[in-house]
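Coordinate analysis (summary)
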Amino acid sequence: MTYLIGTDEAGYGPNLGPLVISASLWHVPTAMRGDDLYAALAGVVSRRAAADSALCQVPMADSKTLYKSSGGLQALECGVLTALRAIGWQPADWREAWAAAAPHSLADLDGAPWYADFELNLPLHHDGADLDRLAAIFLRGLGDARVRLVHVRSMTVSPQRFNDELDRWGNKATALSILTLDLIKTILPIEDGQDVFVSCDKHGGRQRYAEFLQKAFPEYLVEIFGECQSHSLYRWGPAKRRLEFCFLEKAERLLPVALASMASKYLRELAMLAFNAFWRKHVPNLRPTAGYPEDARRFRQEIAACQQKLGIADRILWRNR
């Protein structure tokens, strides 16, 4: 057996709301890799959005495939909450979802006024019993394929922390790489003689990651096995437990990365529901925002007077890049 880890983020481009980075950890037969998982789980996992929760396949794909702002969170929620149930988590509200997947991020939530009094029960769009049934089907499919979903772990990066990281590292791509490696270290299996293969989407088009990997894992010399536009590949560690990191274009085609993408997007969208609810309570007829640059500027102008009245600093509201 070996381990697969996939990572991805949501909210890299917006000026408003958090950046969320997630990782999923899988235990699979030795010869299996991320691009094999869809075939191994074809009976219980689908790359398409489920038409309804009575279907017997869990939607798991790139979050951009499953989520459209006009179409709601149904497919994304179905996949994420089913996956969480498969590892023993059944969040009853949005804060429990964050506590399960991103326990170290709760302080960030508690530090922002828009999260303080927000309440939202889960699931939003599905019956809990249907998700329980789907999770049982998913678990049987995992067992038949000798695959185990071990963990889903996320971190939220608030605007204030994002700005601090920009000040520290100078650019978004470097900050994303370092934060992603920090997250991976929290989910990395304990030394047990089994190899670990990590797949990440490329960070801002960067091709070279060896410097960051060497600083994050100083115990061994990080070996470079290729750095080009399509992929950047690195390996290190003792013969009995090798670590391999691959940064790929369109890595969301791999199931471990797709699930990480989904978890990041779902948690960010829950956070944005809280953010918009807070400001709409204070500013009548305010149109909600997804936080992306052009609309974020509109939103910022419309809340400016209220922001000043409430004494909310720009640094905790607005991401500088």
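First, a word on what this report is: a plain description of the structure on this page. (Residues numbered from 1 in each chain as written. Predicted model: local features only at pLDDT ≥ 70, side-chain atom pairs only at ≥ 80, totals over all residues. Heavy atoms only, no water.)

1. Overview of the overall build of the chain
The helix and strand inventory of the chain stands at 13 helices and nine strands. For the chain, the C-alpha radius of gyration of 20 Å lies close to 20 Å, the compact-globule estimate for 321 residues. Projecting the C-alpha coordinates of the chain onto the three principal axes gives extents of approximately 60 × 50 × 30 Å. Looking at the 321 residues of the chain, the share that counts as buried comes to 55%. A separation threshold of at least 6 residues defines the contact pool for the chain, and within that pool the share at least 24 residues apart is 68%. Counting every atom, the chain has about 14,100 Å² of accessible surface; 51% of that belongs to carbon and sulfur. Distance between charge centroids for the chain: 3 Å, based on 38 positive and 37 negative side chains. (Helix = DSSP H or I, 4+ residues; strand = E, 2+ residues; numbered from the N terminus. Rg over C-alpha atoms; globule rule 2.2 N^0.38 Å. Buried < 20%, exposed > 50% of the residue type's maximum accessible area, 1.4 Å probe, protein only. Contact = heavy atoms within 4.5 Å. Areas by Shrake-Rupley, 256 points an atom, 1.4 Å probe, with all protein chains shown as cover. Lys, Arg positive; Asp, Glu negative; His and termini not counted. Charge placed at Lys NZ, Arg CZ, Asp CG, Glu CD.)

2. Quick look at the pairing of strand β2 (residues 19-28)
Within β2, 10 of the 10 residues are buried, which leaves it mostly tucked inside the rest of the structure. The two faces of β2 match: Leu19, Ile21, Ala23, Leu25 and His27 on one face and Val20, Ser22, Ser24, Trp26 and Val28 on the other face are all buried. Bridging between strand β1 (residues 2-10) and β2 involves nine bridges; their strand directions are antiparallel. Bridged to Thr2 within β2 is Val28. Taken together, the nine bridges between β2 and strand β5 (residues 148-157) define a ladder with antiparallel strand orientation. Bridged to His27 within β5 is Arg148. (Pairing = 2+ DSSP bridges.)

3. Let's talk about the sheet that holds strand β9 (residues 243-248)
The sheet built from seven strands is open, its strands ordered β5-β2-β1-β6-β9-β8-β7 with mixed pairing. Edge positions in the open sheet fall to β5 and β7 (223-227), since each of these has one partner strand only. For this sheet, the mean inter-axis angle between neighbouring strands, taken without regard to orientation, is 15 degrees. Across four bridges, β7 lies against strand β8 (residues 231-236) in antiparallel orientation. (Axes fitted to C-alpha atoms, helices over the stretch in contact; angles between N-to-C directions.)

4. Observations regarding the environment of Leu179
Tracing the chain through its elements places Leu179 in helix α9 (residues 172-187). Taking the C-alpha atoms as reference, Leu179 lies 8.9 Å from Val157; in sequence the two are 22 residues apart. Excluding residues within four positions of it along the chain, Leu179 makes contact with Ile21, Met155, Val157, Arg161 and Glu165.

5. A closer look at helix α7 (residues 128-144)
End to end, α7 covers 24 Å across 17 residues, agreeing with the expected 24 Å (1.5 Å per residue, within 8%). Taken together, the buried positions of α7 are occupied by Leu131, Leu134, Ala135, Ile137, Phe138, Gly141 and Leu142. Here the buried residues of α7 occupy an arc of 165 degrees about the axis, which is enough to place them on one side. Looking at α7, the residues exposed on the side facing more than 90 degrees away from the buried face are Arg140 and Asp144. Contact partners of the buried residues in α7: β2, β3 (45-46), β4 (58-59), α3 (74-86) and β5. The opening residue of α7 is Asp127, an N-cap whose side-chain oxygen sits 2.9 Å from the backbone nitrogen of Ala129. Arg146 occupies a position one or two residues after α7 and carries a positive phi of about 60 degrees. (Expected span 1.5 Å × (residues − 1). Arc of directions from axis to C-beta. Polar contact = N/O pair within 3.5 Å; in protein donor to acceptor, adjacent residues only side chain to side chain.)

6. Observations regarding the packing of helix α4 (residues 94-101) against helix α11 (residues 255-282)
Packing of α4 against α11 leaves a shortest axis separation of 11 Å and a crossing angle of 140 degrees. As summarised for this structure, α4 and α11 are arranged oblique, according to the angle between their axes. The chirality of how α4 crosses α11 is left-handed. Of the residues in α11, those touching α4 at Trp94, Ala97, Trp98 and Ala101 are Leu267, Arg268, Leu270, Ala271 and Ala274. When its residues are assigned to classes, the contact of α4 with α11 shows eight nonpolar, no polar and one charged. (Parallel < 35°, antiparallel > 145°, perpendicular 65-115°, else oblique. Left-handed = near helix turned anticlockwise from the far one by under 90°. Nonpolar A, V, L, I, M, F, W, Y, C, P; charged D, E, K, R; others polar.)

7. Concerning the packing of helix α8 (residues 159-169) against α9
Contact geometry for α8 and α9: axes closest at 9 Å, N-to-C directions at 110 degrees. By the angle between their axes, α8 is roughly perpendicular relative to α9. From α8, Arg161, Phe162, Glu165, Leu166 and Trp169 reach across to α9, where they touch Lys172, Thr174, Ala175, Ile178 and Leu179. Class assignment of the residues belonging to the contact of α8 with α9 gives a composition of six nonpolar, one polar and three charged.

8. Examining the environment of Leu213
Its location among the elements puts Leu213 in helix α10 (residues 210-216). A relative accessible area of 0% places Leu213 in the buried class. Non-local contacts of Leu213, meaning those with residues more than four positions away in its chain, are made with Leu181, Val222, Tyr234, Trp236, Phe245 and Phe247.

9. Here we look at α9
The end-to-end C-alpha separation of α9 is 23 Å, in line with the 22 Å expected for 16 residues at 1.5 Å each. The N-terminus of α9 is capped by Asn171, whose side-chain oxygen sits 3.2 Å from the backbone nitrogen of Ala173.

10. Describing the pattern of salt bridges
Tallying each qualifying case throughout the model produces 14 salt bridges. Ionic pairing is found between Glu165 and Arg161, a salt bridge with its closest N-O pair at 3.7 Å. In this pair, Glu165 and Arg161 both sit in helix α8, four residues apart, roughly one turn of the helix. Judged by its relative accessible area of 11%, Glu165 is buried. Residues Asp314 and Arg300 are paired through a salt bridge, measuring 3.0 Å at the closest nitrogen-oxygen approach. With a gap of 14 residues between them, Asp314 in helix α13 (residues 314-317) and Arg300 in helix α12 (residues 293-310) connect regions that are remote in the sequence. Its relative accessible area of 27% is what places Arg300 among the partly exposed residues. Salt bridges here are not isolated pairs; linked through shared partners, they connect Arg287, Asp295, Arg298 and Glu302. (Salt bridge = Lys/Arg side-chain N within 4 Å of Asp/Glu carboxyl O.)

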